[in-house]
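Chain by chain, the residues run as shown.
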Amino acid sequence: MKGLAVACAAAVAAIVSPAPAKDIPGGGMTVQDVANWLLSEGYQAKIVTGNDGQQTISSSSGGINFHVGFYDCKGARCGSIQFFAGFDTKGALNPVKMNDWNHTERWARAYVDKTNDPWIEMDVDITPGGTFELLSDEFATWRSVLDHFKTFIGA
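Calculation rules
Residues numbered from 1 in each chain as written. Predicted model: local features only at pLDDT ≥ 70, side-chain atom pairs only at ≥ 80, totals over all residues. Heavy atoms only, no water. Pairing = 2+ DSSP bridges. Helix = DSSP H or I, 4+ residues; strand = E, 2+ residues; numbered from the N terminus. Axes fitted to C-alpha atoms, helices over the stretch in contact; angles between N-to-C directions. Contact = heavy atoms within 4.5 Å. Salt bridge = Lys/Arg side-chain N within 4 Å of Asp/Glu carboxyl O. Buried < 20%, exposed > 50% of the residue type's maximum accessible area, 1.4 Å probe, protein only. Polar contact = N/O pair within 3.5 Å; in protein donor to acceptor, adjacent residues only side chain to side chain. Core = buried A, V, L, I, M, F, W, Y, C linked by side-chain atoms within 4.5 Å. Disulfide = S-S within 2.5 Å. Expected span 1.5 Å × (residues − 1). Phe/Tyr/Trp six-rings, centres within 6.5 Å; stacked < 30°, edge-to-face > 60°.

> Report on the sheet that holds strand β4 (residues 77-86), specifying residues and quantitative values.
Taken in spatial order, the 6 strands line up as β1-β2-β3-β4-β6-β5 in an open sheet, and their pairing is antiparallel. With one partner strand each, in any of the chains shown, β1 (46-49) and β5 (109-112) form the two edges of the open sheet. Here the average twist between neighbouring strands, direction ignored, is 30°. Of the strand pairs in this sheet, strand β2 (residues 55-61) and strand β3 (residues 64-74) are connected by 5 bridges, and their pairing is antiparallel. Its bridge partner being in β3, Ile 57 is matched across the sheet by Val 68. Sheet strands touched by helix α3 (residues 95-104): β5 and β6 (118-125). Its angle to β5, the strand with the most contacts, is close to 180°.

Rendered as structure tokens:
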């Protein structure tokens, strides 16, 4: 009877124990790794190469286009990424409005470009010690911030 109780306790512990997190490789992620991750999250991911040879990923969430940039790269692997999006408001915004956003919001920073169109950026460190679960959590924050920013600027 004691053996059955131990077996049952072990079975219950196995059911309620969380699965181990899936680690991001120690050197970071490649552009293709991030594209594959976005696709696995159910989002489009188009790799775009700029005139300077730098690669970004183009995607969208809730009808809002955004990009992913790559930083802290050693070879093909990068230790941090940046989600960013710009909006064409025909110059309707100004630095004072963006300062209001930056003063009250925590997760992303915003600015206006030289034609007073708004941009928003959010940096995410993925190394050292990053996991895909944490990256997905950060991405959920980005999507929420992006939607909130669209409302903030009246786009």
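> Tell me what's going on with the pattern of salt bridges, and back it up with residues and numbers.
When their charged atoms lie close together, side chains carrying opposite charge are able to pair. Using the criterion set out here, one finds 4 salt bridges in the structure. Asp 88 is the salt-bridge partner of Lys 90, the closest N and O atoms lying 2.9 Å from each other. Assigned by exposure class, Lys 90 and Asp 88 land together as exposed. Taking the shortest distance from any N to any O, the salt bridge between Glu 121 and Arg 109 comes out at 3.2 Å. With a gap of 12 residues between them, Glu 121 in strand β6 and Arg 109 in strand β5 connect regions that are remote in the sequence.

> Give a detailed account of the side chain of Ser 80, specifying residues and quantitative values.
Structurally, the position occupied by Ser 80 is in strand β4. Given a relative accessible area of 8%, Ser 80 falls into the buried group. At 2.7 Å, the side chain of Ser 80 and the side chain of Asp 72 are in polar contact. Here Ser 80 is in contact with Gly 69, Phe 70, Tyr 71, Asp 72, Val 124, Asp 125 and Ile 126, once residues within four sequence places are set aside.

> Let's hear about the nonpolar core: which residues, and what values?
Core analysis: the biggest nonpolar cluster contains 35 residues, and Trp 37, Val 68, Ile 81, Phe 83, Ile 120 and Trp 142 have the highest contact counts within it. When residues of this core are traced back to their parent elements, those giving at least two are α2 (31-40), β3, β4, α3, β5, β6 and α4 (132-153). For Phe 83, the residues in contact, after removing those within four places along its chain, are Trp 37, Phe 66, His 67, Val 68, Ile 120, Glu 121, Met 122, Val 124, Phe 139 and Trp 142.

> Could you give an account of the state of the cysteines, naming the residues involved and the relevant values?
Tallied over the entire structure, the rule returns 1 disulfide. The disulfide partner of Cys 73 is Cys 78, and the S-S distance across this bridge is 2.0 Å. Between Cys 73 and Cys 78 the disulfide shows an S-S torsion of about 100°. By sign, it is right-handed. On the accessibility criterion, Cys 73 (36% relative accessible area) is partly exposed. Relative accessible area serves as the criterion here: at 4%, Cys 78 is assigned to the buried category.

> So, α4: which residues are in play, and what are the values?
The α-helix winds at 3.6 residues per turn, so residues separated by three or four positions along the chain end up facing the same way. Compared with the 32 Å implied by 1.5 Å per residue over 22 residues, the 31 Å span of α4 between its first and last C-alpha is a close match. Phe 132, Leu 135, Ser 136, Phe 139, Thr 141, Trp 142, Val 145, Leu 146, Phe 149 and Ile 153 are the residues of α4 that are buried. The secondary structure elements touched by the buried residues of α4 are α2, β3, β4, α3, β5 and β6. Looking at the residues trailing α4, positive phi occurs at Gly 154, about 75°.

> Residues and numbers for the packing of aromatic side chains, please.
This structure, assessed with the given rule, holds 12 aromatic pairs. With centroids separated by 6.0 Å and ring planes inclined at 55°, the aromatic side chains of Phe 66 and Phe 139 adopt a geometry described as tilted. Remark: Phe 139 occurs in helix α4 and Phe 66 occurs in strand β3; sequence separation between them is 73 residues. No difference in accessibility class separates Phe 66 from Phe 139, as the two residues are buried. With 5.5 Å between their ring centres and 35° between their planes, Phe 83 and Phe 139 make a pair best called tilted.

The values are spatial; any link to function lies outside them.
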